[in-house]
Each structure stands twice: as structure tokens, then as C-alpha cells.
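Each chain is listed here by its residues.
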Amino acid sequence: MGLKLFNTLARSVQEFAPLDPPKVGMYCCGPTVYDFAHIGNWRTFVFTDLVRRYLEFKGYAVTHVMNITDIEDKIIKRVRQNKTTLPEFTGKFEIAFFEDLKTLNCLSPHQTPRATEHITEIISLIQKLIARGIAYQSADGSVYFSIEKYRGGGYNYGQLLKLNFDEMRPGERVKSDEYAKESIADFALWKARAPDDGDIFWPSPFGEGRPGWHIECSAMSMKILGASFDLHLGGEDLIFPHHEDEIAQSEGATQKTFVKYWLHGAHLLVEGKKMSKSLGNFFTLRDLLAKGFTGREVRYLLLTAHYRETFNFTLEGLNGAKTALARIDECVAKLRDRAADMLSLEKKPGQHSAVDLLPSFTAALDEDLNISGACGAVFEWIREVNRRLAEHSLSPTAAETALIEWEKTDSVLGIGAKSETEIPADISALAEARAAAKKAKDFKRSDEIRDELKSKGWVVEDSPKGFKLKNN
Ligand SMILES: [Zn+2]
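Per-chain numbering applies: the sequence of each chain, read as written, is numbered from 1 onward. Local features in this predicted model are restricted to residues whose pLDDT is 70 or higher, and side-chain atom pairs enter the listing and the counts only when it is 80 or higher, whereas totals over whole chains, interfaces and linings include all residues. The side-chain numbers reported here are obtained from all heavy atoms of the structure, hydrogens and water having been left aside.

Draft legend 1. Inspection of the overall build of the protein at higher detail. Going along the chain from the N terminus, every DSSP run of H or I of four or more residues is numbered as a helix, and every run of E of two or more is numbered as a strand. A tally of helices and strands in the protein yields 15 helices and 16 strands. Between buried and exposed lies partly exposed: a residue is buried under 20% and exposed over 50% of the maximum accessible area for its type, with that area taken using a 1.4 Å probe on protein chains only. Within the protein, the proportion of its 472 residues that are buried is 50%. Residue contacts are counted whenever heavy atoms from the two residues lie within 4.5 Å of one another. Looking at the protein alone, contacts between residues at least 24 apart form 75% of all its contacts between residues at least 6 apart. The positive count covers Lys and Arg only, the negative count covers Asp and Glu only, and His and the chain ends enter neither. To locate a charge, the coordinates of NZ of Lys, CZ of Arg, CG of Asp or CD of Glu are taken. For the protein, the centre of its 62 positive side-chain charges and the centre of its 67 negative side-chain charges are spaced 2 Å apart.

Draft legend 2. Summary view of the coordination of the zinc ion. Distances from the zinc ion to its protein donors, namely Cys29 (SG), Cys217 (SG), His242 (NE2) and Glu246 (OE), fall within the range 2.0 to 2.8 Å. With water omitted from the atoms examined, metal sites may look incomplete; donors here are N, O and S atoms no farther than 2.8 Å from the metal, or 3.2 Å in the case of Na, K and Ca. Angle rules define the geometry names used: all angles between 85 and 135 degrees makes four donors tetrahedral, while opposite donors over 155 degrees apart and all other angles between 65 and 115 make four donors square planar and six octahedral, leaving every other case irregular. Of note is the zinc ion, whose four donor atoms meet at the metal with angles of 75 to 132° in an arrangement that counts as irregular. Ordering the donors of the zinc ion by residue number gives the pattern C-x187-C-x24-H-x3-E. With Cys217 in helix α6 (residues 213-225) and His242 in helix α7 (residues 239-254), this residue pair connects regions lying 25 residues apart in the sequence.

Draft legend 3. Examining the packing of helix α10 (residues 315-340) against helix α12 (residues 371-390) more closely. Axis definition: a line fitted to C-alpha atoms, over the contacting stretch in the case of helices. Angles run 0 to 180 degrees between N-to-C directions. With their axes 10 Å apart at the nearest point, α10 and α12 run at an angle of 40° to one another. Of the possible angle classes, the one that applies to α10 and α12 is oblique. The interaxial crossing formed by α10 with α12 has left-handed handedness. Side by side, α10 and α12 meet where Ala324, Arg327, Ile328, Cys331, Lys334, Leu335 and Arg338 of the first sit next to Phe379, Trp381, Ile382, Arg383, Val385, Asn386 and Leu389 of the second. Residue classes follow a fixed rule: Ala, Val, Leu, Ile, Met, Phe, Trp, Tyr, Cys and Pro count as nonpolar, while Asp, Glu, Lys and Arg count as charged, and any other residue, Gly among them, counts as polar. Split by residue class, the contact of α10 with α12 holds nine nonpolar, one polar and four charged. Reported orientations rely on four angle classes, namely roughly parallel under 35 degrees, roughly antiparallel over 145, roughly perpendicular from 65 to 115, and oblique for the rest. Less than a right angle of anticlockwise turn of the near helix away from the far helix marks a crossing as left-handed, whereas a clockwise turn marks it as right-handed.

Draft legend 4. Broad picture of the environment of Ile415. Looking at the secondary structure, you find Ile415 in the loop between α13 (396-413) and α14 (425-439). A C-alpha to C-alpha distance of 45 Å links Ile415 and Lys128, two positions 287 residues apart in sequence. Residues in contact with Ile415, not counting those within four places in the same chain, are Arg296, Arg299, Tyr300, Leu303, Leu325, Ile328, Trp406 and Asp410.

Draft legend 5. Molecular detail of empty space enclosed by the protein. A cavity here means a set of 1 Å grid points, computed over protein atoms only, where a 1.4 Å probe fits but cannot escape. A pocket is an open set with protein on both sides within 12 Å along at least 5 of 7 lines, and lining residues have an atom within 4 Å of a point. Grid points are joined across faces, edges and corners, and a volume is the space filled by probe spheres set on the points. Scanning all chains against the criterion turns up two cavities of 30 Å³ or more. Estimates place the volume of the largest cavity at around 90 Å³. For the largest cavity, the full set of lining residues is Arg43, Val46, Phe47, Leu50, Leu302, Leu303, Ala305, His306, Tyr307, Leu369 and Ile371. Taken together, the elements giving at least two residues each to the lining of the largest cavity come down to α1 (39-57) and α9 (295-303). Ranked by residue count, the leading element in the lining of the largest cavity is α1, at four residues. Class assignment for the residues of the lining of the largest cavity results in nine nonpolar, one polar and one charged. The computed volume of the second largest cavity comes to approximately 50 Å³. Together, Phe45, Thr48, Asp49, His64, Met66, Leu101, Cys106, Leu107 and Pro109 line the second largest cavity. Considering every element that reaches the lining of the second largest cavity, the biggest residue donor is α1, with three residues. Its residues assigned to classes, the lining of the second largest cavity comprises six nonpolar, two polar and one charged.

What follows is the structure, given as C-alpha cells:
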């Protein structure tokens, strides 16, 4: 069955049909590295990770690009406040971001371009827009995108969001990267060097200055994924003006459709309220880890809310995630034991029959990533597995098959099972015993232990430095 996704561009759920299957080009607006990312940001990145993992599960060859915004209004302000340099300041938060991404078990994007390393591409895109008469330089040296000229050329400004142009005041300009839809105005592509910028500027044909935020994403996404690509993701707060401006700049320059599907993740509330430092409900991932929660629990909670629904993140919800994960771990551990159980089982009718998970799991996710349905399928499966185990009516082979189904499912969820990376004490004891037998040249015994380990799902590899255990 085909995957359907809600395309903001069409304002409806559509069948996902990439431009050049099985390839999928996917761009997600990345972090502005001026602080630690908060859990509202993380909701978007976990959602992006789910999309990427599910597309790969379905056999698509995804190129996942996420930019690093390392030059922007807020960054410059903080660099000055902290009396530091741009690379030193942004570098610190970029490292922290990738650490957090790993803690949440999000797959690393294939490419993570930095804005400051794409100034040439940004300048050349602005030049194209000037050449096409859609951008102009103002008296202060800044370059602006002309909405009037763009619309005059037959383009649609307001593809993602209906805009009321009657309220627009022609001739107005906005230099700030963030503005409301009530003040649609020509926006800055290149900001002429100002005293507040300190030594943060680049030379350009338009004079010294720095790029606006919106043009960074157009330049980097098109450089890597081409003028037209399949998927663009981000939080819904980016729809206007950021994504609308990305479309205008890109389509204005190339005259091609920029992106086929736009996916937006909804807002996140914390304890029922908008997250704010003054309310004390503002959490970075690190704040939650300091409270004793794990990245795995945070991931689970963020993942299990449907991406288009406003989600109320609570500490109680995190405790619920802990309980849910424990149920999964317990079931997977029991299945591992059963699969490794070589003692013959009293024959029960149907003991070899499989406990299916994938059909119901994928049917749910195919429907615009219906994650509640998919999780429902997982817990239904756990109930059935537990029932069969309790009745002793699940053969080791059927348990093995169930484990394979779980691993495929988890390649999408990325919540893992607790013991996967840890080597259980009895396994390492066996491996030690094998090493001792080998040393004593008792090869019969060492081979027996190797086979025993293998039957428990562990492969032992020898090297000059000793041995290594691998879990199959
Ligand atoms: Zn962006």
C-alpha cells in the first residue's frame, strides 16, 4: 500500500510519489546554533527522523539534508553579548546539537551544510534574482526581494498560507528575519554591514554584509538536492515567512517548482502551556536528562504524538513512556529467551504460527504517519506474544520470527531494546571461559562454548588483542 502524507501546499493528504523513485530528496530546516535546542525543536527533529526512517523502511533511497544556521540576527546579538567570536560561539552549540541528536537516537542527516560555508552560493542566487528583476538594492546597500515584482511575473506568493494582499502596504521593507503575516513586505536577502554586526560580514558584489536567513535555506537545499526536490520539513512556525520566502526565492530564480511535498510538525505545549522560561516550563533535552529521564524516554514520548497535532508534553507523560518501554523490553527479552530455548517444547497445535506485527504497523503509518495506530499495533502484538508465551504455544522458531518482525518495526521507531548494547553477565562469563579453554589448548571445549554462544545469538570474534562479542 502506498504512503500518504499531508502536504501543506495542497492542504490535503496526498499519495506520496517522489520525482525520481526510488530516490527521495528531503530537506529539513536545521538548528540556529545560538543556544541548546529545546524540546519543541526536538519534536520537529524526531518527527523528521520518523519520516526518514519510514521512507527507508519502504525501500526509498533517501538523501536527508539538514542545514546549520550559523549566521543570523540572534546569533550576532549573542556573539556580541558574550564578547566572543562567531565560530567559537556557534561551534559550541553545534557540537551540543549533534550530541543531543544522538542521545535521541535520530539518524544523522547525510549532509549538514553550514550557512557560513555557502556564502558564494547565496550570493549567486541573489544575483540571479536581481538579474530577473525580482530583487533590488536599497539605498542602505541591503538587497531585498520584491514581492510586487514577483507577483507581477505571474508567481504566487502565499502558496503555503493564504495571504490578504489588500492589507499589504506596497513599498514597505523588512530587514528582520522574523515578521508576521500582517506585515507582508519585501524581505532582506542580503543585509548591508551595520555597526551592530561588529566584524561579522562578508564581501559581495552588493557590498559588505551578510545573508538573510531565508536565502540560506534556498541556496543550500538547491545546491545539494537540485532545483526541484521531493520533501521539505520543518515546524509549523516556519510556514510563514520562512518557507513562503524559500519558495519565492527559489522559484523566482529557477522558474521551476521548488518542492513537491511540504510537511509541517505542530507546536508543543509543556504542562498545558506555551513553553517559556518565565513559566518554568522551558526544557532543553539536557534539562530532562538532569531530571533522570533518558533520551530513549524523551524520544518515545515525542514520537508517539501525531505530528500534526498540538502535543502536550508533561513529566507525567515521560513516566508513562518509561512504563511503555519497560513493557516492550520485557516482551523482547522473553522472546530472546524463547528463541534461544533449545529444550524441546511440548508440542502444541499452532506453536509455529507467526504473530504478525508489520502488516498492521505499516497500514497505520501509511495513513499520514498514524503513529497512534502504529503504537496500538505494537502493543496489540505484545499482548498476543505474551499470551502465546504464557500458554507455552510459541516455538523457538516462531519467537525468532517475532524478533525479526520487531527489529524491522524498530528500524522505524528507533526506540531499541535496553539490553541490545549491553553484554549480559552470563554471556561474557561464557566468552571468558572459552578464551581460557583456548589458552589451555582445549579446542574441543572452546568450540563447544562458541556454539553455545552462537545458539544464544552471540558471535565471538578473535583478534590479536583478545576477543570481541557481537550480538546478531
Ligand atoms: Zn529553512
